Amino acid sequence: MSSKDNNFEETKEIKIDFDYKKGKSAGSETRKFTSPGGGRSARSSTVQKVPLEKCEERSAVKSYTTLSMLWKILRPFIIFVLSAGLVVYLGLTGYNYIQNNYFAPVNSESPATKTIEIKSGSSLSTIATKLHDEGIVRNKLVFQLYVDLNDMGSKLIAGTYELSSAMTMDEIIDILGAGDGGREVIAVTFTEGMTVENMADVIVDNGIFNETEKLEFLDLCNDTQTFKSYDFIKKITTSANVTNRKYMLEGYLFPDTYEFYVDETPQNIIERLLSRFDSIFTLSYEDRAQDLGMSIDDIMTLASMIEWEALPQDYARVSSVFYNRLSNDMTLDSCATMRYVTGEKKYVYTAIELEIDSPYNTYMYKGLPVGPVANPGQKAIEAALSPDAEYIEDGYLYFCSKGDDTGELAFAKTLEEHNANVEMYKEFW
């Protein structure tokens, strides 16, 4: 390679001349190259450039038409309308699907009826299953939920009905709620805190039971076999202390208002009450009981004591006192249990009464009594599942009645405080 090759040099000269003022076209572009060897062989090239509009080159002005301006204004609105329309369409489609597949009559074009017998004591689940099996409702679970939402769960009446697959759920519920008109129906109300014996008396007072049927009812409340299909009853029947209970079913005959036929059998009535309890004590209640280290029977026993010891405003606090005493390995000293033992409601029981040897005597034996002392309502059950957290933490161990018309209780942390409360309020007992 020669020395000329080592000194390669390229020179580029570009000349652009635009003369818009004189109306001339674009000027020429001149390139000059210097070849190796010091520029002895130079060449130039001229390229003609296409004219550009000055405004377009700078992107300074855009051309807008009336149509484009209108589209710019309407475009968001059109998108909104289309989106809203899509949402409405999907909503209506979903609604129609659910309505047609779950709520609509099974066959609106078939008015032919079927004779359906709803037996006394049938649970809502049993009724829904029967209606579904007979082709009267589309979905038994949906029917159950719909009945519950309409607060008709305990108001469907046993009887013989003519029902059609063309009927709506509202029509079916109205018919089952009105009764078949063939047998006299009586509404019976059991209040919270009634015992098995109290309930038997109420049924007699309403003209449903005679004395023989009342005794049958009480005997069935100690039957360890007839009601074992209920899981919560089955657990009681297998417990070691079942024979020590006054009534095996005490605590599980849920207090509520029911409609019974005047010729209702004792077994049917018990099944109605047990089914109602089963619907109240849900799986979430069972889970909560397990979290507390309690069985269903423990909770119902505690709830029955709470029901008799206080009014609803103090349920949770009384529950806390009992939990604290259990945690401290103390006797519960509950007057509610002595009321069950003696059959008398008193503020103070005598020393002789407190020495009655009974598995329900919480002044004599530590821990919970052998079983519930009454049939509690839902609020007392919930208090047994959810004691007052502040009273638990603060360690309240005592309470006594203030003896006034309000039914209020005085709570104390120590025995000294409790004795002072007793001295203050005992004159009102």
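Residues numbered from 1 in each chain as written. Predicted model: local features only at pLDDT ≥ 70, side-chain atom pairs only at ≥ 80, totals over all residues. Heavy atoms only, no water.

## Things to note about the packing of aromatic side chains
And then number 1: For the structure on display, the rule yields 17 aromatic pairs.
And then number 2: Residues Trp308 and Tyr340 carry aromatic rings whose centres are separated by 6.5 Å and whose planes lie at 55° to one another, so their mutual orientation is tilted. Residue Trp308 is located in helix α11 (residues 296-309), and its partner Tyr340 is located in helix α13 (residues 335-342); the two are separated by 32 residues in the primary sequence.
And then number 3: With a relative accessible area of 15%, Trp308 lands in the buried category.
And then number 4: Three or more aromatic residues joined by ring pairs make a cluster, and in this case those are Tyr230, Phe232, Tyr252, Phe277, Phe281 and Tyr285.
And then number 5: The ring of Tyr340 carries the charged tip of Lys246 above its face, separated from the ring centre by 5.1 Å.
And then number 6: The ring centre of Tyr391 lies 5.9 Å from the NZ or CZ of Arg317, which sits over that ring. (Phe/Tyr/Trp six-rings, centres within 6.5 Å; stacked < 30°, edge-to-face > 60°. Helix = DSSP H or I, 4+ residues; strand = E, 2+ residues; numbered from the N terminus. Buried < 20%, exposed > 50% of the residue type's maximum accessible area, 1.4 Å probe, protein only. Lys NZ or Arg CZ within 6 Å of the ring centre and 35° of its normal.)

## Quick notes on α11
For the α-helix, the turn length of 3.6 residues means that residues three or four positions removed from each other point alike.
And then number 1: Taking 1.5 Å per residue as the helical rise, α11 with its 14 residues ought to reach 20 Å, and the 20 Å between its terminal C-alpha atoms agrees with that figure.
And then number 2: The element α11 is extensively covered by neighbouring structure, given that 13 of its 14 residues are classed as buried. (Expected span 1.5 Å × (residues − 1).)

## Re the pairing of strand β5 (residues 185-189)
And then number 1: Residue alternation in β5 divides its side chains into a buried set, Ile186 and Val188, and an unburied set, Val185, Ala187 and Thr189.
And then number 2: Summarising the sheet, β5 and strand β6 (residues 257-261) pair through five bridges and their orientation is antiparallel. For Ala187, the partnering residue across the bridge sits in β6 and is Glu259. (Pairing = 2+ DSSP bridges.)

## Some words on the layout of surface pockets
And then number 1: Here the largest pocket defines a volume of roughly 1000 Å³.
And then number 2: Of all the secondary-structure elements, those providing two or more residues to the lining of the largest pocket are α11, α12 (315-327), α13, β7 (398-401) and α17 (415-425).
And then number 3: For the lining of the largest pocket, the class distribution of residues is 21 nonpolar, seven polar and 10 charged.
And then number 4: Put simply, the second largest pocket is a space of about 770 Å³. (1 Å grid on protein atoms, 1.4 Å probe; cavity = no way out; pocket = protein on both sides within 12 Å on 5 of 7 lines; lining within 4 Å. Points joined across faces, edges and corners; volume = space filled by probe spheres on them. Nonpolar A, V, L, I, M, F, W, Y, C, P; charged D, E, K, R; others polar.)

## Digging into unusual backbone geometry
And then number 1: Despite not being glycine, Asp151 shows a phi value in the positive range, around 55°.
And then number 2: Structurally, Asp151 is set in the loop between α4 (140-149) and β4 (159-164).
And then number 3: Notably, Asp333 is not glycine yet its phi reads approximately 50°, a positive angle.
And then number 4: Secondary-structure assignment places Asp333 in the loop between α12 and α13.

## Details of the packing of α12 against helix α15 (residues 378-385)
And then number 1: Two elements in contact, α12 and α15, have axes separated by 8 Å at closest approach and are oriented at 40°. Looking at the two axes, α12 sits oblique to α15. The two elements α12 and α15 meet at a crossing, and its hand is right-handed. Taken together, the residues of α15 that come into contact with α12 (itself represented by Tyr315, Ala316, Ser319 and Tyr323) are Lys379, Ala380, Ala383 and Ala384.
And then number 2: Grouping the constituent residues of the contact of α12 with α15 by class yields six nonpolar, one polar and one charged. (Axes fitted to C-alpha atoms, helices over the stretch in contact; angles between N-to-C directions. Parallel < 35°, antiparallel > 145°, perpendicular 65-115°, else oblique. Left-handed = near helix turned anticlockwise from the far one by under 90°. Contact = heavy atoms within 4.5 Å.)

## Section: empty space enclosed by the protein
And then number 1: Tallying each qualifying case throughout the model produces four cavities of 30 Å³ or more.
And then number 2: The wall of the largest cavity is formed by Ile118, Lys119, Ser120, Gly121, Ser122, Ile127, Leu156, Ile157, Ala158 and Arg272.
And then number 3: In the lining of the largest cavity, the residues fall into five nonpolar, three polar and two charged.

## A few points about the side chain of Thr337
And then number 1: Along the polypeptide, Thr337 turns up in helix α13.
And then number 2: Here Tyr360 takes part through its backbone oxygen, which lies 3.3 Å from a polar atom of the side chain of Thr337.
And then number 3: Here the side chain of Thr337 touches Thr362 through a polar contact of 2.8 Å, side chain to side chain.
And then number 4: Residues in contact with Thr337, not counting those within four places in the same chain, are Met305, Tyr360, Thr362, Pro369 and Val373. (Polar contact = N/O pair within 3.5 Å; in protein donor to acceptor, adjacent residues only side chain to side chain.)

## Looking at the pattern of salt bridges
Two side chains bearing opposite charge may form a pair once their charged atoms approach each other closely.
And then number 1: One pass over the full model with this rule turns up 11 salt bridges.
And then number 2: Salt-bridge contacts for Arg325 lead to Asp333; the nearest nitrogen and oxygen are separated by 3.2 Å.
And then number 3: Asp329 is paired through a salt bridge with Lys366; the nearest N and O atoms lie 3.2 Å apart. Of this pair, Asp329 sits in the loop between α12 and α13 while Lys366 is found in the loop between α14 (351-354) and α15, placing the two residues 37 residues apart along the sequence. (Salt bridge = Lys/Arg side-chain N within 4 Å of Asp/Glu carboxyl O.)

## Re a nonpolar patch on the surface
And then number 1: On the surface, a nonpolar cluster with roughly 1100 Å² of combined accessible area is contributed by Leu67, Leu70, Trp71, Ile73, Leu74, Phe77, Ile78, Phe80, Val81 and Leu82.
And then number 2: Tracing the chain through its elements places Phe80 in helix α2 (residues 66-103).
And then number 3: On the accessibility criterion, Phe80 (57% relative accessible area) is exposed. (Patch = residues over 30% accessible without salt bridge, like charges linked within 9 Å, V, L, I, M, F, W, Y side chains within 5 Å. Areas by Shrake-Rupley, 256 points an atom, 1.4 Å probe, with all protein chains shown as cover.)

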